[in-house]
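# Breakdown of the fold
Chain by chain, the residues:
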Amino acid sequence: MPNKKIVVLTGAGVSAESGLSTFRDSGGLWDGFDVNEVASIDGWHKKPQKVLDFYNLRRIQAAKALPNLAHLHLKKLEENFEVVIVTQNVDDLHERAGSSNVIHLHGKLSEARSEVDPYEIIEIGINNINIGDISKDGTQLRPAIVWFGEMVPMIEIAAHEVSTSDILIVIGTSLAVYPAAGLIHYAKNEIRKIIIDPSKPELISLSGWEHIPKRATEGVPELVNDLINTILNERT
């Protein structure tokens, strides 16, 4: 019998516990930067140097952060389940924790892309992007981040993964921003759906959702151990 498939939707709340700040927790600011200026396509066209400065800073911050217990326990799930992580985060903490199948809806800090072609991507690690750095197609390199006002290239792939899941878990995200917020509606009605959030999210007003009112580093280990114990009991 094939392993059950778990799809995990993660957001900023998971990375926040590794010390990475979120703009929603700071009045629309990231380290003093206005989100409208540094996380929108309009901001890029108006002040590209400011946008590059911001992401160069974030890239270094993310590289210094370490995976936390939530990241590490999600990797543990792979021992007994098929696991797909769909993350809104642009850091690589899931990968560094060992997760093998991660879909980044909003791109990755460790990558740069062509200014005109979202699929012309290069790995840059922790290196800066500077004005004058050119892609293969001759255009200015920019962060491989999906900004406000841009299409989300991976959304259809993510929707398919959710639609074929046996268990759906939401961690560290209010799912307030579309199109990511719409992913939950692709889940089959009969599957188990769980959200881990210390507050009471609007999502649990929908029928069929379980709520674990804890932070990710507390709720994820608890849920993962429960899921593994359940599946092992079913096999004996």
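As the structure is a computational prediction, the values presented were derived from the model and not from experiment. (Residues numbered from 1 in each chain as written. Predicted model: local features only at pLDDT ≥ 70, side-chain atom pairs only at ≥ 80, totals over all residues. Heavy atoms only, no water.)

### Here we look at the packing of helix α5 (residues 69-76) against helix α8 (residues 216-235)
In plain terms, the rule: Helix axes are fitted only over the stretch in contact, all axes being lines through C-alpha atoms; the angle between N-to-C directions runs from 0 to 180 degrees. Helix and strand assignments come from DSSP, with helices taken as H or I runs of at least 4 residues and strands as E runs of at least 2, each series counted from the N terminus. By definition in this entry, angles of less than 35 degrees are roughly parallel, angles greater than 145 are roughly antiparallel, angles of 65 to 115 are roughly perpendicular, and the rest are oblique. In this scheme the crossing of two helices becomes right-handed for a clockwise turn of the near helix relative to the far one and left-handed for an anticlockwise turn of less than a right angle. Note on contacts: a residue pair is in contact if any heavy atoms of the two residues lie within 4.5 Å. Each residue gets one label: Ala, Val, Leu, Ile, Met, Phe, Trp, Tyr, Cys and Pro are nonpolar, Asp, Glu, Lys and Arg are charged, and the others, such as Gly, are polar.
Where α5 meets α8, the axes come as close as 8 Å, and the angle between the chain directions of the two elements is 15°. By the angle between their axes, α5 is roughly parallel relative to α8. You can see that α5 and α8 cross each other, and the crossing is left-handed. Across the interface between the two elements, Leu69, Ala70, His73, Leu74 and Lys76 from α5 touch Ala216, Thr217, Val220, Pro221, Val224, Asn225 and Ile228 from α8. Residues that form the contact of α5 with α8 fall into these classes: 8 nonpolar, 3 polar and 1 charged.

### A short note on the sheet that holds strand β9 (residues 167-171)
Quick reminder of the rule: Two strands are said to pair when DSSP picks up at least two bridges between them.
Within the open sheet, the 6 strands sit side by side as β5-β4-β1-β9-β10-β11. Their pairing is parallel. Of all the strands in the sheet, just β5 (102-104) and β11 (209-212) have a single pairing partner and so form its edges. Taking the axes of each pair of neighbouring strands and ignoring which way they run, one obtains an average angle of 20° across the sheet.

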